[in-house]
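The chain contents come next:
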Amino acid sequence: MIRRATLQDVPACAQVIHDWACQTDWMPEELPVEQLTALIEEAFDHREIWVTGNPVDCYMSVDPNEQKIGALYCRRTGQGIGKRFVDRAKEGRAFLWLTTHTPNTAAQRFYQREGFEVTSEEPPVPPDTVPVYRMEWNA
């Protein structure tokens, strides 16, 4: 079940990101969980943040002003959860964009199946150090 996140979910969201980064061989060392938590808390009131799992093990953040999926991390893959998150982000919108790390070919294939197209390659935005592809979806 996908639900809107609460502030109490933020540390678990940060842990999901941190664990993903630690388990991804091409990803440099991620920020500490405390810093990730602070970044998510800072953005919380300006984002649509959705979670699933008990405890939380998947989450998505959408910036409604930018029409951007800013984060989609899931510990459970291959179960359709990412698709349900993206479908939720598309609801009521005609356009979305996101970035995905250039080495993350699995994510790129997933987003292409969901109708996103690579529109450019961009340098990393600190604290990231890995270049990204910008991908866009139009209804």
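Thresholds, definitions, all that
Residues numbered from 1 in each chain as written. Predicted model: local features only at pLDDT ≥ 70, side-chain atom pairs only at ≥ 80, totals over all residues. Heavy atoms only, no water. Salt bridge = Lys/Arg side-chain N within 4 Å of Asp/Glu carboxyl O. Helix = DSSP H or I, 4+ residues; strand = E, 2+ residues; numbered from the N terminus. Buried < 20%, exposed > 50% of the residue type's maximum accessible area, 1.4 Å probe, protein only. Disulfide = S-S within 2.5 Å. Core = buried A, V, L, I, M, F, W, Y, C linked by side-chain atoms within 4.5 Å. Contact = heavy atoms within 4.5 Å.

Colleague: So what exactly am I meant to see when it comes to the pattern of salt bridges here?
Modeller: Two side chains that carry opposite charge are able to pair once their charged atoms sit near each other. This model, assessed by the stated rule, comprises nine salt bridges. The shortest N-O distance in the salt bridge between Arg 93 and Glu 48 comes to 2.8 Å. Of this pair, Arg 93 sits in the loop between helix H3 (81–90) and strand E5 (95–101) while Glu 48 sits in strand E2 (residues 48–52), and the two are 45 residues apart along the sequence. Two residues, Lys 83 and Asp 87, come together in a salt bridge whose shortest N-O distance is 3.4 Å. Placement of both Lys 83 and Asp 87 in helix H3 is noted, with a separation of four residues, approximately one turn of the helix. Accessibility expressed as a relative area gives 32% for Asp 87, which makes it partly exposed.

Colleague: Would you take a moment to explain the state of the cysteines for this structure?
Modeller: In protein chemistry, a disulfide is the covalent bond that joins the sulfur atoms of two cysteines. Here the structure, examined in full by the defined rule, presents one disulfide. Residue Cys 58 pairs covalently with Cys 74 via a disulfide, S to S 2.1 Å. Between Cys 58 and Cys 74, the S-S torsion sits near 50 degrees, and that sign places the bridge as right-handed. Residue Cys 58 is located in strand E3 (residues 58–63), and its partner Cys 74 is located in strand E4 (residues 68–74); the two are separated by 16 residues in the primary sequence. With a relative accessible area of 23%, Cys 74 lands in the partly exposed category. The thiol of Cys 13 is not disulfide-bonded; the next cysteine sulfur, from Cys 58, is found 10 Å away. Judged by relative accessible area, which is 1%, Cys 13 ranks as buried.

Colleague: Help me understand the nonpolar core, please; the structure alone is not making it clear to me.
Modeller: A general feature of soluble globular proteins is that nonpolar side chains tend to end up buried together. The biggest cluster of nonpolar side chains holds 19 residues, and the ones touching the most others in it are Met 60, Ile 69, Leu 72, Phe 85, Tyr 111 and Phe 116. Mapped by element, the contributors of at least two residues to this core are E3, E4, H3, E5, helix H4 (105–113) and strand E7 (132–138). In terms of residues, this core owes the most to one element, H3, which gives four residues. When near neighbours in sequence (up to four residues on either side) are disregarded, Phe 116 contacts Ile 69, Val 86, Lys 90, Leu 96, Trp 97, Leu 98, Tyr 111, Met 135, Glu 136 and Trp 137. Within the second largest apolar cluster, 17 residues are counted, among which are Val 16, Val 33, Val 51 and Tyr 73.

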